[in-house]
Amino acid sequence: MIAKDAKIYIAGHRGMVGSACWRALESAGYKNIIGKTSSELDLRDQKAVEHFITTEKPDVIIDAAAKVGGILANDTYPYEFLMDNMLIQNNLIRTAHENDVPKFIFLGSSCIYPKFAPQPIKEEYLLTDSLEPTNEWYAIAKISGVKLIEALRKEYRRDYVSLMPTNLYGPNDNFDLESSHVLPAMIRKFHEAKIKGNEAVTLWGSGKPMREFLHVDDLAQAVIFAVENELPEYLYNVGTGTDVTIKELTETIQTITGHQGNIVWDSEKPDGTPRKLLDVSKMKEMGWQYSTELKEGIKKTYKWFLENVHNIKEIKL
């Protein structure tokens with residue numbers, strides 16, 4: 001068990017995932033958590049990262065820092081999504097290794113897996129087929145991070161691990177309508193349409209694809225579990241093991257927000273991957289599983305959205 005006064009550095013501590021990890025660690029009694037904003041520390045700058053890690057000497061690094069976005073953002077800025085993410089993780093992983101940081105938790109995304117992977121997706125399906133073209137730039141960057149973690153475990157016996165969460169949502173999400181993911185974008189669209197007299201809401205695709213969603217507070221608990229335990233493998237899926245159609249998600253969000261207008265499906269827009277459900281049996285066997293059901297999580301997220309509606313995060317393209 002790691003000591004409660006161990007120094008834990010969260011890269012990306014202001015983001016949805018990083019802030020959830022910070023809250024969870026504080027609640028669990030950890031007293032020495034550190035973070036730097038992007039203006040204070042540019043994680044793409046190798047020398048700056050080296051100076052920070054060698055000076056602070058953290059016991060644990062949680063890498064929740066990344067350039068993230070939905071289909072449109074990935075498709076519009078492929079270079080930035082590939083290069084920025086590789087620079088961030090390479091600098092952190094390399095510097096952690098060279099400074100003998102005992103523990104490193106690398107966070108990625110289920111988009112690392114092949115577009116047509118068998119369902120549910122097992123960790124061993126990584127690199128067995130081609131990726132979803134609309135987010136391959138981000139996926140390739142994250143795959144390289146997973147492989148770096150695996151290489152360090154294999155060659156140097158590092159206690160480093162990669163956690164690959166399914167689609168996340170919750171407090172501090174990005175609610176920008178052009179760069180956000182599907183669930184927060186829907187919350188905002190339905191809310192604003194309700195305010196404007198229950199206007200019709202137009203959504204991308206057919207509504208048929210199936211997606212799995214995990215509340216970010218549950219991921220934070222999985223991170224704490226990985227911090228406090230020595231996991232025997234390099235890669236673990238983190239999710240609920242259940243999924244819904246986008247149409248079902250839409251109806252749930254419409255009900256929770258109180259929108260009473262029409263829904264229009266724009267079939268000219270892409271659906272993305274047909275289905276993306278994670279096999280989460282490995283984490284379950286280790287002793288961790290999720291606790292927040294989707295409807296409950298969306299209610300909590302919408303409540304947070306209403307309380308912060310004038311100060312919500314909008315990541316512009």
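Conventions used here
- Counting of residues starts from 1 at the beginning of each chain's written sequence and follows it residue by residue.
- Residues qualify for local features only when their pLDDT is at least 70, as the model is predicted, and side-chain atom pairs are given and counted only at 80 or more; totals for whole chains, interfaces and linings, by contrast, use all residues.
- Heavy atoms from the whole structure form the basis of all side-chain values; hydrogens and water molecules are not counted.
- Between 30 and 60 degrees the pair is tilted, below 30 it is stacked and above 60 it is edge-to-face, where a pair is any two Phe, Tyr or Trp rings, Trp via its six-membered ring, whose centres lie within 6.5 Å.
- A run of H or I in DSSP becomes a helix once it reaches four residues, and a run of E becomes a strand once it reaches two; helices and strands are each numbered from the N terminus.
- Here the term buried applies to any residue with accessible area under 20% of the maximum for its type, exposed to any over 50%, and partly exposed to those in between, with areas from a 1.4 Å probe on protein chains only.
- Lysine and arginine charges are scored as sitting over a ring when NZ or CZ, respectively, is within 6 Å of the ring centre and within 35 degrees of the ring normal.
- Note on definitions: salt bridges are taken to be side-chain nitrogens of Lys or Arg within 4 Å of carboxyl oxygens of Asp or Glu.
- Throughout this description, the term nonpolar core refers to a set of buried Ala, Val, Leu, Ile, Met, Phe, Trp, Tyr and Cys residues connected via side-chain atoms within 4.5 Å.
- The contact definition used throughout considers only heavy atoms, calling two residues in contact when any of these lie within 4.5 Å.

A. Quick look at the packing of aromatic side chains. Scanning the entire structure with this criterion turns up 5 aromatic pairs. When the ring of Y9 is compared with that of F52, the centres are 4.7 Å apart and the planes differ by 65°; the resulting orientation is edge-to-face. Of this pair, Y9 sits in strand β1 (residues 8-11) while F52 sits in helix α2 (residues 46-56), placing them 43 residues apart in sequence. Owing to a relative accessible area of 9%, F52 belongs among the buried residues under this scheme. Ring centres of F104 and Y160 lie 5.6 Å apart, and the angle between their planes is 45°; on these two criteria the pair is classed as tilted. With a gap of 56 residues between them, F104 in strand β4 (residues 103-107) and Y160 in strand β5 (residues 159-165) connect regions that are remote in the sequence. Owing to a relative accessible area of 0%, F104 belongs among the buried residues under this scheme. Through pairs of rings, three or more aromatic residues link up here, namely F175, Y302, W304 and F305. The ring of Y30 carries K4 above its face, with NZ or CZ at 4.2 Å from the centroid. The lysine or arginine in question, K67, covers the ring of F81, its NZ or CZ lying 5.6 Å from the ring centre.

B. Just the pattern of salt bridges, in detail. Within this structure, the stated rule accounts for 19 salt bridges. The partner of R44 in a salt bridge is D84, and the shortest N-O contact between them spans 3.6 Å. Taken together, the residues span a long stretch of sequence, with R44 in the loop between β2 (33-34) and α2 and D84 in helix α4 (residues 78-98) at a distance of 40 residues. On the accessibility criterion, R44 (41% relative accessible area) is partly exposed. By sharing partners, the salt bridges in this structure join D42, R44 and D84 into a single network.

C. A look at the nonpolar core. Among the nonpolar cores identified, the biggest contains 38 residues, and Y9, L43, L92 and F104 are the most heavily contacted of them. Among the elements of the structure, β1, α2, α4, β4, α5 (136-156) and β5 are those that each provide at least two residues to this core. Each residue touching Y9, except ones within four places of it in the same chain, is listed here: I34, G35, K36, L41, L43, F52, I53, P58, V60, I61, I62 and L92. Among the nonpolar cores identified, the runner-up in size contains 36 residues, and L163, V216, V227 and L231 belong to it.

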